[in-house]
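Observations on chain architecture
Next come the chains, spelled out residue by residue.
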Amino acid sequence: MKTLCLRLFFTAAGMLILQVGFSQQLDSIMSIYDAQLPREKMHIHFDKVAYNRDETIWYKLYILAGTDLTRQSKNVYVEWYDTTGKMIKQTVAPLFQSTAKGSFDLPGDYKGDFVHVKAYTRWMLNDDSAFIYQKDILINSITTAQSRPAVVPRTKVDAFPESGVLLQGVLNRVAFKSTNQFGIPVIIKGGVYNNKNKQVDTLVIKHDGMGMFSLTPQPGETYQINWTDENGKKGTTLIEPAKTNGAAIAIRATNDKALIQVQRTGDVPDNYKRLNLWVHMNQSLFYKVKINATEKTLINAEIPIDELPTGVLQFTLFTSDFIPIAERILFVNNRQHEFNAKVTLPVVNVDRRGKNIVEVFVSDTAFTNMSMAITDAAISLPETNSIYSDLLLSNEIRGKIYNPAYYLTSDADSITANLDLVMLTNGWRRFDWEKANAAVLPTVVYPKENDFLKVGGKVYGVKPGMSAKPLQLNFIMSAKDSSKQFFFAEVGKDGLFEIRNQFFYDTVKVFYGFNGNTKIGEVTQVQLDNGLLRQIQKKIPFSARNLQNPWSDSLARVKMNFILTEQEKLRRSMASATLQEVIVKAKAKSNLQVMEEKYATGLFSGGDGFSFDLTENNAALGSLDILGYLQGRVPGLTVSGSGAQATLSWRGGTPDVFLNETQSQVELIQSIPVTDIAFVKVFRPPFFGSMGGGSGGAIAIYTKKGADGRKTPPDSHGLEYTLLGGYSRFKEFFNPSYDKPADNNDPDLRTTLYWNPYILTNKKSPRIRITFFNNDISKKFLLVLEGVNGDGKMTRVVKVIDSKSQD
């Protein structure tokens, strides 16, 4: 951070009224909080604003601590909830350069208007829960749109004195905000009245239900706002009573300065005559200001802000003994938060399945980590959040900001003035000055993460003298691809052990045993842990939502409904399609019939599809996992991607997977060794054992039981084992290629045409070229690029692409 050179300010008459110094040693309690409890903030870039059911939500997370990439966290947790607040899914992912990618598949039978996403790191749990990332994502559903009950709006009007306090006999600026119960702005008209019903000012809305009026409270008077909203409803809002003595601050900003006015009442205690003003951001102190107000009640001054970082700048006014008495926040936008990413379009083709080329060039020498989404522009809704608004504004302000992305679209005077109304009408991260004065150090309940995953835990039953040498545990970790890792850990006197910085996906088998002393295992118990937060199913309460507003009179919804209808027609067509019948004639029961009777029950018995007996199938032993074995043996079944990123597709649909007739996930199925599997059934669609009718078919996996028993995996030597969960595995976006017209004749109704969570550049490779193909129906594309660089700066590029857009 640069050291600024401001030292003295004088009045026009030359009297010294203000001294400004700098905290070179960062010896204040604030600097301790900054060092020991830096605050993380998060943005999630989603590929779209709204989705049809049965689509995939693609996303990329970005996390900053202050203005830098975070060093506090290695992992990030994401939770998904339905409209009742019931958790649908929870995932955990490792952070790469302070970012992580993910995906979430919306169920085909989902009935809600939205899904709620909540995301956080372990470190964020040390902060106020109000700043945990949460967002409602719109889901288009023809059924729920038609049956949704009418919303009865209720208007609320709040008043906010500029520095948090009204002073009697002093001219005060008071901001107001009118919203309904959902935080949506409401137009009102009215005035400010005293207790004698005399109007002292008129309400004028400047932007999105916000405005400002002036008020000089008089002795013996109280004040209120009488208003009428856009629906004709009348109401009254009481304004807090003015104080008879005290001090307040008022702030105005120019391009390079903050103009400060400190005003006190005439009759104040001595500690109000010498004041202190601290100016700070992100728990970092920029200015300490000493104000001599012994002779004057009104003092004007200014401080430079043109070299400060972009963000919410806080002004806190203290008495001489450092009791906080007034606060004001100001948004500083010097555009120092940005780096430039240039997006060009060498080839644009909006024809059916046309080929398009996009180039991204970053001249910055720091590395960049970006994500890009290209979608059908006809279905796009206005984006109310951006990487700028989430990381610079929403994460610093308490309460809901309506359409926060708007305030950082430009630095025009009108937008700057409207942004200042947001500063005046919302709470912010208030520093706990009582704790600071008492020198109370920050409490860290959730420590910094120094590792990704670990294999750790405790040995119970260890007694003194049990072994002449220090105990050592040997481990074999068997992953889903049959790969193995061998390692060991010494056991402490307290029974604890730990192997740090492991990295594995899904569920792994961890075999363990005591080195050189197998008898110890007979009298002890080993408990293993992966080092992650323990995730449990939960339900969270939701307040009422109004999701009708974003869809009102929207042509985007018409297009979304058309695509939804066509997608459902396609699924029905797939369900009615038949594959070549395989007829097996035999007088005696075949091995498959025996396995069918032994393993399959209920809706899983019989059915139209394929069956595989793996108990006597040596060919299966050479497969990395069961899905790799099935590929090529089931007509039309493909496994896209490779390794941990494999996804299933069967003739345009995604089959459900079941483990022992319980619906499961692909990542878990892949984690099961092929040697543990006895029987597999693949059902053609529809499969009525699935929720929603199984329009993508189903794959049922049965693990060995009884005489088929599981065999001990090679190299385990009869060791005990336990299952240990790792990182969640997400789908890879499928980017089809139509270079050859006959590559794919299936209908293409994709609404997301391209998604790439990792567009990376650096000094040596500043340019990236990507290729994508149009679908069957889109005529205009929306491109959104967001990202961060190694210095914590951000970028956002938005382009609408049509037939005239080629560079």
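Scroll up a little and you will see the structure.
Residues numbered from 1 in each chain as written. Predicted model: local features only at pLDDT ≥ 70, side-chain atom pairs only at ≥ 80, totals over all residues. Heavy atoms only, no water.

The strands making up a sheet associate through hydrogen bonds between their backbones, and the pairing can be parallel or antiparallel. Strand order in the open sheet made by the three strands is β27-β28-β47, with antiparallel pairing throughout. Since the sheet does not close on itself, it has two edges, and those belong to β27 (341-347) and β47 (767-773), each with one partner. Pairs of neighbouring strands in the sheet enclose a mean axial angle of 25°, with direction left out of account. Summarising the sheet, strand β28 (residues 355-362) and β47 pair through seven bridges and their orientation is antiparallel. By the bridge assignment, Lys355 is partnered in β47 with Phe773. (Pairing = 2+ DSSP bridges. Helix = DSSP H or I, 4+ residues; strand = E, 2+ residues; numbered from the N terminus. Axes fitted to C-alpha atoms, helices over the stretch in contact; angles between N-to-C directions.)

Moving on: the environment of Ile669. Note on placement: Ile669 falls in helix α10 (residues 666-670). According to the relative accessible area criterion, Ile669 is buried, its value standing at 1%. Remark: the alpha-carbon pair of Ile669 and Leu659, spanning 10 residues in sequence, is separated by 7.2 Å. Those residues in contact with Ile669 that lie beyond four places of it in its chain are Ile626, Val657, Phe658, Leu659, Ser664 and Ile701. (Buried < 20%, exposed > 50% of the residue type's maximum accessible area, 1.4 Å probe, protein only. Contact = heavy atoms within 4.5 Å.)

Grouped together as the largest cluster of nonpolar side chains are 54 residues, with contacts concentrated most on Phe46, Trp80 and Phe475. Discounting residues that sit within four places of it in the chain, Phe46 has contacts with Tyr51, Ile57, Trp58, Tyr59, Trp80, Val117, Tyr133, Lys135, Ile137 and Trp755. Counting residues in each nonpolar core, the second largest holds 28 residues, with Val262, Tyr287, Val289 and Ala293 among its members. (Core = buried A, V, L, I, M, F, W, Y, C linked by side-chain atoms within 4.5 Å.)

Turning our attention to helix α1 (residues 29-36). Within α1 the residues assigned to the buried category are Ile29, Met30, Ser31 and Tyr33. Next to the buried residues of α1 lie β22 (274-281), β23 (284-292) and α5 (433-437).

This part is about the pattern of salt bridges. Note on pairing: side chains with opposite charge can pair once their charged atoms come close. In this structure the tally under the stated criterion is 28 salt bridges. Among the ionic pairs, Asp158 bridges to Lys156, the shortest N-O distance being 3.8 Å. Relative accessible area serves as the criterion here: at 24%, Asp158 is assigned to the partly exposed category. Three or more residues are tied together by salt bridges with common partners; here these are Glu162, Arg173, Arg252, Arg328 and Asp420. (Salt bridge = Lys/Arg side-chain N within 4 Å of Asp/Glu carboxyl O.)

Our next topic: the pairing of strand β9 (residues 99-105). Counting buried residues along β9, five of its seven residues qualify, which places the element largely inside the surrounding structure. With seven bridges joining them, strand β5 (residues 56-65) and β9 adopt antiparallel strand pairing. The residue of β9 that forms the bridge with Lys60 is Lys101.

Looking now at unusual backbone geometry. Here Gln97, not a glycine, exhibits a phi torsion of approximately 50°, which is positive. Among the structural elements, Gln97 can be located in the loop between β8 (87-94) and β9.

What follows deals with the packing of aromatic side chains. Inspection of the entire model under this criterion finds 26 aromatic pairs. On the numbers, 6.2 Å between centres and 55° between planes, the contact of Phe46 with Tyr59 is tilted. Residue Phe46 is located in strand β3 (residues 40-46), and its partner Tyr59 is located in strand β5; the two are separated by 13 residues in the primary sequence. Look at Phe46 and you get buried, because its relative accessible area is 7%. (Phe/Tyr/Trp six-rings, centres within 6.5 Å; stacked < 30°, edge-to-face > 60°.)

Right, let's talk about the sheet that holds strand β13 (residues 172-180) for a bit. Strand order across the open sheet formed by four strands is β12-β13-β17-β16, with antiparallel pairing between neighbours. Edge strands, defined here as strands with exactly one partner in the open sheet, are β12 (155-161) and β16 (205-207). Averaged over all adjacent pairs, the angle separating strand axes in this sheet is 30°, with direction ignored. Of the pairings in the sheet, the one linking β16 to strand β17 (residues 210-215) comprises two bridges and is antiparallel in character. Paired with His207 across the strands is Met210, a residue of β17. Relative to the sheet, helix α4 (residues 413-425) contacts β12, β13, β16 and β17, its axis offset from that of β17 by approximately 70°.

In this section: the pairing of strand β18 (residues 223-229). Counted residue by residue, β18 has five buried out of seven residues, so it is predominantly covered. Where strand β14 (residues 188-194) lies against β18, seven bridges are found, and the strand directions are antiparallel. Among the inter-strand pairings, Val192 is bridged to a residue of β18, identified as Ile225. Pairing geometry for β18 and strand β19 (residues 234-239), over six bridges, is antiparallel. Its bridge partner being in β19, Ile225 is matched across the sheet by Thr237. Linking β18 to β19, which pair antiparallel, is a turn of four residues; within it Gly232 sits at a positive phi near 85°.

A few words on the side chain of Gln263. Among the secondary structure elements, Gln263 is positioned in strand β21 (residues 257-264). By relative accessible area, Gln263 is classed as buried at 19%. Non-local contacts of Gln263, meaning those with residues more than four positions away in its chain, are made with Leu167, Val170, Leu171, Gly246, Ala247, Ala248, Thr297 and Leu298.

Among all positions of helix α8 (residues 591-599), only Met595, Glu596 and Tyr599 are buried. For α8, the angular spread of buried residues about the axis comes to 105°, placing them on one side. Those residues of α8 hidden inside the fold are in contact with β38 (609-613), β43 (677-683) and β44 (698-703). (Arc of directions from axis to C-beta.)

The values reported here are purely geometric and, on their own, carry no functional implication.
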